[in-house]
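Spelled out from the first residue to the last, the chains are:
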Amino acid sequence: MASRSPTSSRIWPLFALNFFMADMQSGIGPFVGVFLQERGWATGLIGTAMTIGNVAGMLVTTPIGGFIDSSRNKRLWVVIPGICVVSASAIILISQNFWAVTFSQVAQSLASAAIVPAVTGITLGIAKQKGFNALNGRNQAYNHAGNMVGAALSGYLGYKFGYVAVFALAAVFGAIAIACVMMNRAARGSKEDDPDSAPDAFTMLLKHRALLVLALALALFHLGNAAIVPLYGLAAVAEGQANGPSFVATTVVIAQGVMVVTSLIAMKAASKRNYWPIILVSFMFLPIRGVLAFFVTGWWGVVPMQVLDGIGTGLQTVAVPGMVARALNGTGRINLGQGAVITVQGVGASLSPALGGWIAQWIGYGPTFLLLSGFGLASIALWLALAAAVKKY
């Protein structure tokens, strides 16, 4: 208890940051698909614009992680994403031209790429390695709560006032997150977070086989998972089963509400054992969701689909950064390692919207959900086959 007092003035701004930074990670993304669909865009073109943005984010994630490791002002790497979120919201409202929309997605992806390693660095600066798991679990609970509240407000405001209100809310959340991080002066971290020089990220992955296995398994998982929620919303709206903003908001609220609880459970579980079984369980929910989406669309499927998504993603938000921090403990490369894992994971997440969008345009939504769920089975197979490399973490 005595250790909490010196950092209590920094913990609450950190929790507030995690709450309001939700729109820096997902931002307007869940609403972009239905927004563009209602303006005549086909699913393939929507997926292509989102993929270009995701690829841009993927390419900068690792360099940003290295910069954050060596930066003496980690708060700057939260301020920059906040500006990107505000810009992305403004751009998509001003123009729905393909390249304007694509540029807004690039700005959003840059924000998402920077915010996770930046907050990881700030968290390590406050808690150090010993207290990282517990504080990171609480961070994730606040983050998911912020996503839930933001999505609920977006759904209500979108229903009442249209998409302008949704994108304006994302900009407001970004501005508040900037204010929160300026209140937090944990800008440096400990020597675990203070490298003398930054090695090549992929050399690091090859050197730390556990991180390579983790990154590849996550890439397979997100190749299937990233497209399911946007496509599920598009399917429901296309069939006239739902209002765009309210339907998308409901899917996010349910998932994020479940994630609040799941992240706290994952934090407790990880304190008693390693992260390997937690990540294995998280992979199992994608195949189930794909089969469920094939049989049930619209409001009937929202609750079970998003509860499953909330459990799987909630486990990963705690277990993945925790495993990276544990594997690289004392190396001074934690943020770079986090960036390297997210980059490889981002290959799958980046390709997923375009892959799912074009397949759905060719063969329909139902078969696409089944195909995407198969990548979950592939991630499970890889995780089990190479368990020896990762089980100790």
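Quick caveat: nothing in here was measured; it's all calculated off a predicted structure. (Residues numbered from 1 in each chain as written. Predicted model: local features only at pLDDT ≥ 70, side-chain atom pairs only at ≥ 80, totals over all residues. Heavy atoms only, no water.)

A closer look at the nonpolar core
Move 1: Residues L214, M323, V341 and W383 are the most contacted members of the largest nonpolar core, which totals 70 residues.
Move 2: Here the element with the most residues in this core is helix α13 (residues 299-327); it accounts for 10 residues.
Move 3: Look past the residues within four positions of W383 in its chain and what remains in contact with it is V213, L214, A217, W276, I279, L280, F283, M323 and V390.
Move 4: In terms of nonpolar packing, the next biggest core, distinct from the first, is built from 23 residues, L14, L17, M21 and V79 among them. (Core = buried A, V, L, I, M, F, W, Y, C linked by side-chain atoms within 4.5 Å. Buried < 20%, exposed > 50% of the residue type's maximum accessible area, 1.4 Å probe, protein only. Helix = DSSP H or I, 4+ residues; strand = E, 2+ residues; numbered from the N terminus. Contact = heavy atoms within 4.5 Å.)

Here's the deal with the environment of K392
Move 1: Within the fold, K392 resides in the segment after α16 (387-390).
Move 2: In the structure, K392 is positioned 182 residues away from A210 in sequence and 9.2 Å away in space, judged by C-alpha atoms.

Some thoughts on the packing of helix α9 (residues 209-225) against helix α12 (residues 276-295)
Move 1: Where α9 meets α12, the axes come as close as 10 Å, and the angle between the chain directions of the two elements is 20°. By the angle class used here, α9 and α12 are roughly parallel. Where α9 crosses over α12, the handedness of that crossing is left-handed. Of the residues in α12, those in contact with L214, A217, L218, F221, G224 and N225 of α9 are I279, S282, F283, L286 and R289. (Axes fitted to C-alpha atoms, helices over the stretch in contact; angles between N-to-C directions. Parallel < 35°, antiparallel > 145°, perpendicular 65-115°, else oblique. Left-handed = near helix turned anticlockwise from the far one by under 90°.)

Details of a nonpolar patch on the surface
Move 1: Taken together, V291, F294, F295 and L370 make up a surface patch of nonpolar side chains, about 370 Å² in accessible area.
Move 2: The element contributing the most residues to the nonpolar patch is α12, with three residues.
Move 3: Position of F294 among the secondary structure elements: in helix α12. (Patch = residues over 30% accessible without salt bridge, like charges linked within 9 Å, V, L, I, M, F, W, Y side chains within 5 Å. Areas by Shrake-Rupley, 256 points an atom, 1.4 Å probe, with all protein chains shown as cover. Salt bridge = Lys/Arg side-chain N within 4 Å of Asp/Glu carboxyl O.)

Remarks on the confidence of the model for the protein
Move 1: Averaged over every residue, the pLDDT of the protein is 77; residues scoring 70 or more account for 83%.
Move 2: Scored below 50 in pLDDT, residues 187-198 makes 41 contacts in the model with residues more than four places away or belonging to other chains. (pLDDT = per-residue confidence, 0-100.)

So, the side chain of D309
Move 1: Mapped onto the elements of the fold, D309 is located in helix α13.
Move 2: By relative accessible area, D309 is classed as buried at 9%.
Move 3: Once you skip the residues sitting within four places of it in the chain, D309 turns out to touch N225, V229, A255, M259, R289 and G314.

Overview of the packing of α9 against helix α14 (residues 334-363)
Move 1: At a minimum axis separation of 7 Å, α9 and α14 run at an interaxial angle of 15°. The pairing of α9 with α14 is recorded here as roughly parallel in orientation. Where α9 crosses over α14, the handedness of that crossing is right-handed. The segment α9 lies against α14, with L211, L214, A215, L216, L218, A219, H222, L223 and G224 engaging V341, V344, Q345, G348, A349, L351, S352 and L355.
Move 2: When the residues that make up the contact of α9 with α14 are grouped by side-chain class, the tally is 12 nonpolar, five polar and no charged. (Nonpolar A, V, L, I, M, F, W, Y, C, P; charged D, E, K, R; others polar.)

Some words on α9
Move 1: Here α9 contains 17 residues, and its C-alpha end-to-end distance of 24 Å stays within 8% of the 24 Å for a straight helix at 1.5 Å per residue.
Move 2: α9 sits mainly inside the fold: 13 of its 17 residues count as buried. (Expected span 1.5 Å × (residues − 1).)

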